[in-house]
Amino acid sequence: MLRFSVHYGIHFLLPLAIALVFYKPKYFKIYIIFLLAFLIDLDHLAATPIFSPNRCSINYHFLHSYYAIALYVSLLFLKKTRLIAIGLVCHILADSVDCLFLYLGY
């Protein structure tokens, strides 16, 4: 239950906190943009099985690969792509923490 709570807490609460702190006048619109980063989970459809609770997404799925993560981080430096990049990096952070929990045996 701790793993689930932390994983989805990061997925939903970290982007909300960033939107509220840094983009307060338009926080809801920005929060929705951040949540659109969940679309990178569509790469799970290419895996067999599609969902495995004990599988680390990082470097397993193609949109969670180290190359893709490097691209997401580099997009942070471009003003036009910064918002979606923040959402993508938050998503990868949440999945990385989930992998850490798996590694620790939770």
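Before any of the text, the structure's been laid out above.
The following paragraphs examine the structure supplied in this document.

Here is what the cut-offs are and how they apply
- Residues numbered from 1 in each chain as written.
- Predicted model: local features only at pLDDT ≥ 70, side-chain atom pairs only at ≥ 80, totals over all residues.
- Heavy atoms only, no water.
- Helix = DSSP H or I, 4+ residues; strand = E, 2+ residues; numbered from the N terminus.
- Rg over C-alpha atoms; globule rule 2.2 N^0.38 Å.
- Buried < 20%, exposed > 50% of the residue type's maximum accessible area, 1.4 Å probe, protein only.
- Contact = heavy atoms within 4.5 Å.
- Areas by Shrake-Rupley, 256 points an atom, 1.4 Å probe, with all protein chains shown as cover.
- Phe/Tyr/Trp six-rings, centres within 6.5 Å; stacked < 30°, edge-to-face > 60°.
- Disulfide = S-S within 2.5 Å.

### Points about the overall build of the protein
For step 1, the next point in the chain: Secondary structure summary: the protein contains four helices and zero strands in total.
For step 2, the next point in the chain: Ordered by position from N to C terminus, the α and β elements of the protein give α-α-α-α.
For step 3, the next point in the chain: In terms of overall size, the protein behaves like a compact globule, its C-alpha atoms giving a radius of gyration of 14 Å where 106 residues would be expected to give roughly 13 Å.
For step 4, the next point in the chain: Projected onto its principal axes, the C-alpha coordinates of the protein cover approximately 40 × 30 × 20 Å.
For step 5, the next point in the chain: Here the protein holds 106 residues, and 38% of them are scored as buried.
For step 6, the next point in the chain: For the protein, the share of sequence-separated contacts (at least 6 apart) that also reach a separation of at least 24 residues comes to 55%.
For step 7, the next point in the chain: Put simply, the protein shows about 7,000 Å² of open surface, and 74% of that area lies on carbon and sulfur atoms.

### Details of the packing of aromatic side chains
Aromatic ring pairs are reported here in terms of the distance separating the ring centres and the angle at which the planes meet.
For step 1, the next point in the chain: On inspection of all chains with the given rule, the structure shows four aromatic pairs.
For step 2, the next point in the chain: Seen from their ring centres, Phe 4 and Tyr 8 are 4.9 Å apart, and the 50° between their planes marks the pair as tilted. Of the two residues, Phe 4 and Tyr 8 both sit in helix α1 (residues 2–22), four residues apart, roughly one turn of that helix.
For step 3, the next point in the chain: Centroid distance Phe 12 to Phe 38: 5.1 Å. Interplanar angle 90°. Geometry classified as edge-to-face. Linking Phe 12 in helix α1 with Phe 38 in the loop between α2 (27–35) and α3 (66–75), this pair joins segments that are 26 residues apart in sequence.
For step 4, the next point in the chain: Of the residues examined, Phe 12 reaches a relative accessible area of 34% and is grouped as partly exposed.
For step 5, the next point in the chain: For Phe 38, a relative accessible area of 26% corresponds to the partly exposed category.

### Observations concerning the state of the cysteines
For step 1, the next point in the chain: Summed over the entire model, instances satisfying the criterion amount to one disulfide.
For step 2, the next point in the chain: The side chain of Cys 56 participates in a disulfide bridge whose partner is Cys 99; the two sulfur atoms lie 1.8 Å from each other. Handedness here is read from the sign of the S-S torsion; for Cys 56 and Cys 99, about 95°, the answer is right-handed. Within this pair, whereas Cys 56 is found in the loop between α2 and α3, its partner Cys 99 is found in helix α4 (residues 82–104), the two being separated by 43 residues in sequence.
For step 3, the next point in the chain: Take Cys 56: its relative accessible area is 27%, and that puts it in the partly exposed class.
For step 4, the next point in the chain: In this structure Cys 99 comes out as buried when scored by relative accessible area, which is 13%.
For step 5, the next point in the chain: Summary of cysteine pairing: Cys 90 is not part of a disulfide, and the nearest cysteine sulfur, belonging to Cys 99, is at 16 Å.
For step 6, the next point in the chain: For Cys 90, a relative accessible area of 6% gives the class buried.

### A word on unusual backbone geometry
For step 1, the next point in the chain: The omega torsion across Thr 48 and Pro 49 is -10°, close enough to zero to call that bond cis.
For step 2, the next point in the chain: One non-glycine residue, Asn 59, lies in positive phi territory at about 65°.
For step 3, the next point in the chain: If you trace the backbone, Asn 59 turns up in the loop between α2 and α3.
For step 4, the next point in the chain: The partly exposed category is assigned to Asn 59, whose relative accessible area is 39%.

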